[in-house]
Amino acid sequence: MAQLQELDLSSNSLSGEIPRELGSLSMLLKLDLSNNAIMGNVPTEIGLLSHLAYLNLASNNLSRLVPRQLGSCKHLLNLNLSRNKFRKSIPLEIGKIQSLEVLDLSHNLLTGNIPGEIGKLKMLRILNISHNGLFGSIPHSFGDMLALTSIDVSYNDLEGPLPNVKAFNEAPFEAIEHNRGLCGNVVGSPKCNCTRSKKCNQHVGARIIVILILSFLGCLLLFCTSIVLVIVNHRRRWIIKRDNNERANDLDFMHILSYDGKVFYNRIVEATEGFDSKYYVGEGAYGIVYKVKISQGKTVAVKQISSSQEDSEIIDLIPFEREIQALTNLRHRNIVKFYGFCSHVQRCFLVYEYMEGGSLRTTLNDDERAKEFRWDKRVNMVRGVADALSYMHHECSPPLIHRDLTSNNILLDRDYEARVSDFGTARLLRPDSSNWTTIAGTIGYIAPELAYSTIPTKKCDVYSFGVVAFETIMGKYPGDHVPREYSPSAQTESSMMLKDVLDQRLSPSRLCLRDAQNVILIAKLAFACLQADPRLRPSMEQVSHELRVQVPLEMPLSTVSLEQLRDLGARKFGAFIGDGKF
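- Per an unreviewed UniProt entry, the protein chain goes by non-specific serine/threonine protein kinase and derives from Eucalyptus grandis.
- According to the UniProt record, the Subcellular location (unreviewed entry) comment for the protein chain reads "Membrane".

Thoughts on the overall build of the protein chain
Inference 1: The secondary structure content of the protein chain amounts to 14 helices and 23 strands.
Inference 2: Counting every position in the protein chain, which comprises 582 residues, the buried fraction comes to 48%.

Details of the pairing of strand β19 (residues 348-353)
The side chains of a regular strand alternate between the sheet's two faces.
Inference 1: Among the six residues that make up β19, six are buried, leaving the element largely enclosed by the rest of the structure.
Inference 2: For strand β17 (residues 298-305) and β19, the ladder comprises five bridges, and the chain directions are antiparallel. Opposite V300, over in β19, you have E353 as the bridge partner.
Inference 3: Across five bridges, the pairing between strand β18 (residues 338-343) and β19 is antiparallel. Counterpart to G340 in the pairing with β19 is V351.

Considering the side chain of N334
Inference 1: Structurally, N334 can be placed in the loop between α5 (317-327) and β18.
Inference 2: Judged by relative accessible area, N334 falls into the buried class, the value being 3%.
Inference 3: Of note is the side chain of N334, whose polar atom sits 3.1 Å from the backbone oxygen of A418.
Inference 4: When near neighbours in sequence (up to four residues on either side) are disregarded, N334 contacts G384, D387, A388, E417, A418, R419 and V420.

Description of the packing of aromatic side chains
Inference 1: Within the structure shown, the criterion is met by six aromatic pairs.
Inference 2: Ring geometry for Y445 and Y477: centres 5.5 Å apart, planes at 45°, overall tilted. With Y445 in the loop between β23 (427-428) and α9 (458-474) and Y477 in the loop between α9 and α10 (481-485), this pair connects stretches of sequence that are 32 residues apart.
Inference 3: Taken together, a centroid distance of 4.9 Å and an interplanar angle of 80° make the contact between F470 and F527 edge-to-face. Linking F470 in helix α9 with F527 in helix α12 (residues 513-529), this pair joins segments that are 57 residues apart in sequence. Per residue, the accessibility class of F470 equals that of F527, and both read buried.

Focus: the UniProt feature "binding site: ATP" (unreviewed entry) in the protein chain
Inference 1: Following the UniProt record, the feature "binding site: ATP" (unreviewed entry) maps to K303 here.
Inference 2: Structurally, the position occupied by K303 is in strand β17.
Inference 3: The buried category is assigned to K303, whose relative accessible area is 6%.

Structural notes on the pattern of salt bridges
Inference 1: Enumeration according to the criterion identifies 22 salt bridges in this entry.
Inference 2: Close ionic contact of E45 with R20 constitutes a salt bridge, the shortest N to O distance being 3.1 Å. Taken as a pair, E45 in the loop between β3 (39-40) and β4 (54-56) and R20 in the loop between β1 (6-8) and β2 (30-32) lie far apart in primary sequence, 25 residues in all.
Inference 3: Given the relative accessible area of 23%, E45 is considered partly exposed.
Inference 4: Note that R378 and D503 form a salt bridge whose closest N and O atoms lie 2.9 Å from each other. With R378 in helix α8 (residues 375-394) and D503 in the loop between α11 (498-501) and α12, this residue pair connects regions lying 125 residues apart in the sequence.
Inference 5: The buried category is assigned to R378, whose relative accessible area is 1%.

Brief notes about α9
Inference 1: Given a rise of 1.5 Å per residue, 17 residues ought to cover 24 Å, and the 25 Å separating the end C-alpha atoms of α9 matches this to within 8%.
Inference 2: In terms of burial, α9 is largely enclosed, as 15 of its 17 residues are buried.
Inference 3: Once α9 finishes, G475 follows within two positions and takes phi at roughly 80°, a positive value.

What to know about the pairing of strand β16 (residues 287-295)
Inference 1: Sheet topology note: the strand β15 (residues 280-283)/β16 ladder contains three bridges and is antiparallel. By the bridge assignment for β16, G282 is matched with V289.
Inference 2: Bridging between β16 and β17 involves eight bridges; their strand directions are antiparallel. In the sheet register, I288 faces β17, and the bridge partner there is Q304.

Considerations on the sheet that holds β1
Inference 1: Ordered by their spatial adjacency, seven strands build an open sheet running β1-β2-β4-β6-β8-β10-β12, and the pairing between neighbours is parallel. Since the sheet does not close on itself, it has two edges, and those belong to β1 and β12 (150-152), each with one partner. Each adjacent strand pair in this sheet contributes to an overall mean axis angle of 5°, direction not counted.
Inference 2: Strand direction decides the pairing type here: β2 and β4, joined by three bridges, are parallel. The residue bridging D32 from the neighbouring strand is N56, located in β4.

Quick notes on the UniProt feature "transmembrane region" (unreviewed entry) in the protein chain
Inference 1: According to UniProt, the feature "transmembrane region" (unreviewed entry) maps to residues 208-232 in the numbering used here.
Inference 2: The straight-line gap between the two end C-alpha atoms of residues 208-232 is 12 Å; of that span, 88% is helix and 0% is strand.

Concerning the environment of S507
Inference 1: Looking at the element boundaries, S507 is found in the loop between α11 and α12.
Inference 2: Considering only alpha carbons, one finds S507 and K371, 136 residues apart in sequence, at a separation of 9.7 Å.

Some details on the sheet that holds strand β11 (residues 133-136)
Inference 1: Strands sit in the order β3-β5-β7-β9-β11-β13-β14 across an open sheet of seven strands; the sheet is parallel. Sheet topology places β3 and β14 (181-183) at the edges, where each strand pairs with a single neighbour.
Inference 2: The pairing of β3 with strand β5 (residues 61-64) spans two bridges and is parallel. Looking at the pairing, M39 lines up with N61 of β5.

Thoughts on the nonpolar core
Side chains that are nonpolar tend, in soluble globular proteins, to be buried together.
Inference 1: The biggest cluster of nonpolar side chains holds 67 residues, and the ones touching the most others in it are M381, V385, F465, L498 and L547.
Inference 2: Beyond its immediate chain neighbours, meaning those up to four positions away, L498 contacts I520, A523, L557, V560, S561, L562 and L565.

Concerning the packing of α8 against α9
Inference 1: Between α8 and α9, whose axes approach to 11 Å, the crossing angle comes to 175°. With respect to each other, α8 and α9 are oriented roughly antiparallel. Counted together, W375, R378, M381, V382, V385, A386, L389, H393 and H394 of α8 and K458, D461, F465, T472 and I473 of α9 form the full contact between these two elements.
Inference 2: Partitioning the contact of α8 with α9 into residue classes produces eight nonpolar, three polar and three charged.

What counts, and where the lines are drawn
Residues numbered from 1 in each chain as written. Predicted model: local features only at pLDDT ≥ 70, side-chain atom pairs only at ≥ 80, totals over all residues. Heavy atoms only, no water. UniProt positions renumbered as here; feature names shortened; annotations may be inferred. Helix = DSSP H or I, 4+ residues; strand = E, 2+ residues; numbered from the N terminus. Buried < 20%, exposed > 50% of the residue type's maximum accessible area, 1.4 Å probe, protein only. Pairing = 2+ DSSP bridges. Polar contact = N/O pair within 3.5 Å; in protein donor to acceptor, adjacent residues only side chain to side chain. Contact = heavy atoms within 4.5 Å. Phe/Tyr/Trp six-rings, centres within 6.5 Å; stacked < 30°, edge-to-face > 60°. Salt bridge = Lys/Arg side-chain N within 4 Å of Asp/Glu carboxyl O. Expected span 1.5 Å × (residues − 1). Axes fitted to C-alpha atoms, helices over the stretch in contact; angles between N-to-C directions. Core = buried A, V, L, I, M, F, W, Y, C linked by side-chain atoms within 4.5 Å. Parallel < 35°, antiparallel > 145°, perpendicular 65-115°, else oblique. Nonpolar A, V, L, I, M, F, W, Y, C, P; charged D, E, K, R; others polar.

Written out as structure tokens, the structure reads:
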């Protein structure tokens with residue numbers, strides 16, 4: 001094994017952690033562990049693979065930090081760590097891999113600034129750091145990356161000017177969209193406001209030099225000219241300052257909290273023409289949502305909080321304050337981005353990113369869009385919602401429960417990626433919380449135990465997720481069908497086949513093997529989430545993990561009954577609880 005040069009274990013169902021013993025394969029050139037269910041961290045021994053040229057760990061559940069020891073892999077050409085859960089910042093040591101040509105860190109949970117050392121990778125051709133939480137500006141050193149031909153920095157919180165190199169100048173708008181405020185020469189992106197100011201300053205500097213030279217000669221004419229130039233320069237600065245104040249009224253929503261609250265409020269009211277109904281796009285339990293186009297290429301969603309039911313003149317601030325509290329510290333790619341809020345004596349509203357795809361419910365109710373919403377996209381959407389709830393329940397401190405997860409509160413972007421929204425009923429789940437007084441949620445999605453208890457738990461969200469998962473693969477709300485599956489008297493329904501309840505608009509009989517595996521897995525997990533006893537339901541952390549594991553198809557889809565899936569789900573997670581796991 002010490003002489004092994006290539007190891008490819010991709011697209012299996014491997015789980016557990018990467019063994020440290022891999023570091024002993026000193027002659028290894030290629031290592032591919034992608035598309036598995038490997039978790040934990042990458043062992044530091046990876047840095048011992050000094051001959052490694054190709055490393056692919058994409059599409060797993062790897063977490064914690066990107067190992068600094070990768071900087072010791074001096075011969076690495078291709079590094080792919082995408083679609084995992086790596087956290088914190090990109091290590092500076094990546095910039096030491098001078099031979100690197102392809103770097104893909106997309107679809108992770110990375111934060112912080114982009115290290116300037118990345119700009120030292122003179123051989124880098126392809127760079128993808130999209131779908132993370134990176135912020136700040138793109139380093140100036142990127143301007144020296146002349147070999148770069150393809151970039152993607154979309155879905156981050158980056159701002160400032162784009163580097164003036166071919167890869168950025170010729171990049172499509174999709175490669176930089178959904179950031180805090182990037183500007184440059186890309187079609188669709190705003191021009192940088194600072195460009196003209198810099199040119200003016202350079203121009204003024206040149207004139208000042210001329211003035212100093214002429215004044216040194218003691219020319220009276222130069223003295224008069226210098227006075228004129230000072231007046232002109234002062235006038236120009238005053239004009240530039242006035243223009244900047246006027247541009248502030250355009251309200252760049254990527255910097256929404258930097259502006260005066262009164263300007264913010266007036267700009268929203270003006271853009272919606274006093275919240276005219278023609279900007280209406282939907283309505284939730286606690287407010288009406290409007291689509292607002294602030295400026296060229298800038299569209300946001302504004303939710304105006306509704307008045308209380310008892311008094312139409314009094315705004316109900318409880319869900320308004322709750323949603324702000326819930327969203328302020330949430331940072332996850334499957335939770336809607338929160339830009340800011342305004343609390344005014346007449347109106348209260350919140351501002352979010354606008355999702356072009358609308359809600360899951362409207363998509364499923366539209367036959368044309370439902371046909372475009374293919375099985376692979378539905379599976380990916382269910383995974384995204386599970387990841388978001390797992391993050392809220394198990395990675396937030398204190399944990400956060402949504403309490404009103406429905407197909408109407410799951411929004412979709414143009415690629416049908418899910419965003420969980422509408423946190424007006426969300427609550428922080430503190431250990432000493434015992435003062436719950438009201439039931440929140442939507443009929444049909446509320447867990448059955450809330451009929452006799454007003455204290456919600458994480459398992460209430462799990463139940464709602466089960467309903468949404470069924471709704472996604474059935475193409476419609478399950479109605480009375482799912483409760484009948486749990487009713488002992490409904491034996492005639494027990495033999496119903498899964499293929500008969502799937503969304504017939506997508507021709508379930510023509511499902512490919514991979515989609516069939518995923519659909520069966522979702523149905524099985526949905527049954528487990530819908531168990532009447534909340535103690536028997538899995539946690540969202542379990543569900544998120546299970547959805548990433550590829551399970552071989554033991555029987556054709558056409559022979560799988562709902563009763564079999566229900567029993568499999570109950571048996572699997574019942575065993576977990578009995579063994580004391582999770």
